[in-house]
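Breakdown of the fold
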Amino acid sequence: YIQAVSKEFNIDYSMLREKARRLTLGNNNIKPIVPREQMPKKTAEKSDALSKCMKMLLAYLAKEPSFYDKVSEIISESDFLLSPYDIISRILFEQLREGRLQPGNIINALEETEAQELVAEIFYYGLFDRMEESGLERSVNDCVIRIKRNSIEYQLSSETDLSRIIALKREQERLQKFNVFGRKN
């Protein structure tokens, strides 16, 4: 049965088998969050790249609020898994939905000075002024895909519901052809 599902939905057989084994044995432990200092170097580098993408996407949304309608079709604040981007994205997305962008309210919602400075950087991100439009669109699109892919991978790592795993895999496949600007990849 697992092989048939694996073939039908293009899911790695060993991963699916392991999920089924954990589900039947009742071992549904969610992976613990590892402090950044204890992460292997490669994971820390991936986290840095993801962090830069989150910053860039939030900065682009702050500069171009109308872009929110396009990006919200594929990504939500729950896809921002790194702190403090999770909090910043939640507040920023809420403001964009309501049509009122107020950086001061986001800064005031954060207690740590470092996080407040990050919000200021996001709202005054100067990189866009130095980029050509095509390069900017490619970078922003890549960031959307990277953030969403990371979120899907995180969900798959602890998911035990087979139908949810299949839905996440389909979403992963959809990302391969996705372009938030409507261009062909």
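Summary of the structure given here. Every value quoted in this text rests on a predicted model; they were computed, and no experiment measured them.

**Quick look at the overall build of the protein chain**
- Along the protein chain, the regular secondary structure elements total nine helices and zero strands.
- Moving toward the C terminus, one meets the helices and strands of the protein chain in the order α-α-α-α-α-α-α-α-α.
- Each of the 185 residues in the protein chain was classed as buried or not, and the buried ones make up 38%.
- Sequence-distant contacts in the protein chain: of pairs separated by 6 or more residues, those separated by 24 or more amount to 64%.
- Entry remark: accessible area of the protein chain is about 11500 Å², with carbon and sulfur atoms responsible for 48%.

**Some thoughts on the packing of helix 8 (residues 133-158) against helix 9 (residues 162-176)**
- One way to put it is that helix 8 packs onto helix 9 with a least axis distance of 10 Å and a crossing angle of 160°. Here helix 8 is positioned roughly antiparallel relative to helix 9, judged by the angle of their axes. In this structure, the crossing between helix 8 and helix 9 has a hand that is left-handed. Along its contact with helix 8, which presents Ile145, Lys148, Arg149, Ile152, Glu153, Gln155 and Leu156, the element helix 9 presents Arg164, Ile165, Leu168, Lys169, Glu171, Gln172 and Leu175.
- Along the lines of polarity and charge, the residues of the contact of helix 8 with helix 9 split into six nonpolar, two polar and six charged.

**What about unusual backbone geometry?**
- That bond from Ser83 to Pro84 is cis: its omega, 0°, falls within 30 degrees of zero.
- With respect to the element layout, Pro84 can be found in the loop between helix 4 (68-71) and helix 5 (85-98).

**So, the side chain of Lys55**
- Tracing the backbone shows Lys55 in helix 3 (residues 41-63).
- Judged by relative accessible area, Lys55 falls into the buried class, the value being 18%.
- Of the polar contacts made by the side chain of Lys55, one reaches the side chain of Glu121; its length is 2.5 Å.
- In this structure, Lys55 is in contact with Tyr85, Leu118, Glu121, Ile122 and Tyr125, ignoring residues within four places of it in sequence.

**A few points about the state of the cysteines**
- Scanning all chains against the criterion turns up zero disulfides.
- Looking at Cys53, it has no disulfide partner, and the nearest cysteine sulfur is the one in Cys143, 3.1 Å off.

**Observations concerning the layout of surface pockets**
- The space that makes up the second largest pocket amounts to roughly 310 Å³.
- Residue lining of the second largest pocket: 14 residues in total, with Pro84, Glu112, Glu114, Ala115 and Leu118 positioned closest to the centre.
- Among the elements of the structure, helix 5 and helix 7 (113-123) are those that each provide at least two residues to the lining of the second largest pocket.
- Looking at the lining of the second largest pocket element by element, the count peaks at five residues for helix 7.

**Structural notes on the packing of aromatic side chains**
- Inspection of the entire model under this criterion finds five aromatic pairs.
- Taking the centre distance of 4.9 Å and the plane angle of 85° together, the rings of Tyr60 and Phe67 count as edge-to-face.
- Taking the relative accessible area as the measure of exposure, Phe67 reaches 4% and is therefore buried.
- Ring centres 6.3 Å apart and planes at 75° place the aromatic pair Tyr60 and Phe181 in the edge-to-face group.

**Observations regarding the environment of Ala49**
- Residue placement: Ala49 occurs in helix 3.
- For Ala49, a relative accessible area of 26% corresponds to the partly exposed category.
- For Ala49 and Cys143, which are 94 residues apart along the polypeptide, the C-alpha to C-alpha distance reads 9.4 Å.

**So, the pattern of salt bridges**
- A full pass over the atoms with the stated rule returns five salt bridges.
- With a shortest N-O distance of 3.1 Å, Glu77 and Arg97 are connected by a salt bridge. With a gap of 20 residues between them, Glu77 in the loop between helix 4 and helix 5 and Arg97 in helix 5 connect regions that are remote in the sequence.
- Residue classification places Arg97 among the partly exposed positions, given a relative accessible area of 46%.
- Put simply, Glu98 and Arg100 hold a salt bridge, and the shortest N to O gap is 2.6 Å.

What counts and how
- Residues numbered from 1 in each chain as written.
- Predicted model: local features only at pLDDT ≥ 70, side-chain atom pairs only at ≥ 80, totals over all residues.
- Heavy atoms only, no water.
- Helix = DSSP H or I, 4+ residues; strand = E, 2+ residues; numbered from the N terminus.
- Buried < 20%, exposed > 50% of the residue type's maximum accessible area, 1.4 Å probe, protein only.
- Contact = heavy atoms within 4.5 Å.
- Areas by Shrake-Rupley, 256 points an atom, 1.4 Å probe, with all protein chains shown as cover.
- Axes fitted to C-alpha atoms, helices over the stretch in contact; angles between N-to-C directions.
- Parallel < 35°, antiparallel > 145°, perpendicular 65-115°, else oblique.
- Left-handed = near helix turned anticlockwise from the far one by under 90°.
- Nonpolar A, V, L, I, M, F, W, Y, C, P; charged D, E, K, R; others polar.
- Polar contact = N/O pair within 3.5 Å; in protein donor to acceptor, adjacent residues only side chain to side chain.
- Disulfide = S-S within 2.5 Å.
- 1 Å grid on protein atoms, 1.4 Å probe; cavity = no way out; pocket = protein on both sides within 12 Å on 5 of 7 lines; lining within 4 Å.
- Points joined across faces, edges and corners; volume = space filled by probe spheres on them.
- Phe/Tyr/Trp six-rings, centres within 6.5 Å; stacked < 30°, edge-to-face > 60°.
- Salt bridge = Lys/Arg side-chain N within 4 Å of Asp/Glu carboxyl O.

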